[in-house]
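# Commentary on secondary and tertiary structure
Residues per chain, in single letters:
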Amino acid sequence: MTHTPWGRADESTPIAPGITQYSTPRHGGIRVTPRRQAQMPDYLRLGDADKVGWYEEDCEWARVACAFPEFFDDEAREQALETLKNYFPKEYERHTGKTLARGESRARDSALFLEDHRDDFLVAAAYGSWHEGVPEGYVGVFAVRGGWKFYDQPAADGPESRYFLVPKDEYNARGA
């Protein structure tokens, strides 16, 4: 059985010559041979064209489906475009020729949010009154200036962190 980046494969399913889907007890994905990898557009390819490409099953598989749509059904092609749009917006824009607006991509929106709030303290963790040092009726909030890293966007250089006690009702009303 084939060894994958996620462990020993339980199953393999050929999609097309040079493109195989693998599943393991923990995860899975698609393996693209070097020949097929070289046929993929550079902006969809992970790694060098002359290396075997592994594309995990949660998001990266969409790169393969968009590169070789003829091997995927209508539903998979639609899901692949949606996945590309939400997690790889630059690649989606290049692939479709469409420019994404605010609100059309999770990854893009996260990057814009971090840019808009790079000088603000953003919640990284919150603790209830069960946690030591958090009185009843409050939430302990650990916040980092500029936020943690989301997707491929780095947090502010040398993040400054703080701990706040916030009234529980105020914390629960955020974003309302």
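Note that the structure is a prediction, hence the values are computed from the model and not measured.

Take the state of the cysteines next. Scanning the entire structure with this criterion turns up zero disulfides. For Cys-59, which is in no disulfide, the shortest distance to another cysteine sulfur is to Cys-66 and amounts to 12 Å.

Quick look at the confidence of the model for the protein chain now. With 93% of its residues at a pLDDT of 70 or more, the protein chain shows a mean pLDDT of 90. Low pLDDT, under 50, characterises residues 151–157; the predicted model gives this stretch 16 contacts beyond four residues in sequence or across chains.

Right, let's talk about the pattern of salt bridges for a bit. Should the charged atoms of two oppositely charged side chains come close, the side chains can pair. All told, the structure shown has nine salt bridges when counted by the stated rule. Between Glu-82 and Lys-85 there is a salt bridge, and its shortest N-O distance comes to 3.4 Å. Taken together, the positions of Glu-82 and Lys-85, both in helix H3 (residues 74–87) and three residues apart, correspond to about one turn of that helix. Three or more residues joined by partner-sharing salt bridges are found here, namely Arg-145, Glu-160 and Arg-162.

Packing of H3 against helix H4 (residues 89–96) brings their axes to within 5 Å, and their N-to-C directions diverge by 130°. Of the possible angle classes, the one that applies to H3 and H4 is oblique. Facing H3, whose interface residues are Leu-81, Leu-84, Lys-85 and Tyr-87, H4 presents Pro-89, Glu-91, Tyr-92, His-95 and Thr-96. Grouping the constituent residues of the contact of H3 with H4 by class yields five nonpolar, two polar and two charged.

For the rest of this paragraph, the subject is the side chain of Ser-105. Along the chain, the position of Ser-105 falls in the loop between H4 and helix H5 (106–116). With a relative accessible area of 1%, Ser-105 lands in the buried category. The contact partners of Ser-105, leaving out residues within four places of it in the chain, are Lys-85, Asn-86, Pro-89 and Leu-100.

We now examine the sheet that holds strand E7 (residues 121–127). Strand order in the open sheet made by the three strands is E7-E8-E9, with antiparallel pairing throughout. A strand with exactly one partner marks an edge of an open sheet, and here the two such strands are E7 and strand E9 (161–167). The mean inter-strand angle of the sheet, taken between neighbouring strand axes irrespective of direction, is 35°. By the bridge criterion, six bridges tie E7 to strand E8 (residues 138–145) in an arrangement that is antiparallel. Pairing of Phe-121 across the sheet is with Arg-145, part of E8.

Basis of the calculations
- Residues numbered from 1 in each chain as written.
- Predicted model: local features only at pLDDT ≥ 70, side-chain atom pairs only at ≥ 80, totals over all residues.
- Heavy atoms only, no water.
- Disulfide = S-S within 2.5 Å.
- pLDDT = per-residue confidence, 0-100.
- Contact = heavy atoms within 4.5 Å.
- Salt bridge = Lys/Arg side-chain N within 4 Å of Asp/Glu carboxyl O.
- Helix = DSSP H or I, 4+ residues; strand = E, 2+ residues; numbered from the N terminus.
- Axes fitted to C-alpha atoms, helices over the stretch in contact; angles between N-to-C directions.
- Parallel < 35°, antiparallel > 145°, perpendicular 65-115°, else oblique.
- Nonpolar A, V, L, I, M, F, W, Y, C, P; charged D, E, K, R; others polar.
- Buried < 20%, exposed > 50% of the residue type's maximum accessible area, 1.4 Å probe, protein only.
- Pairing = 2+ DSSP bridges.

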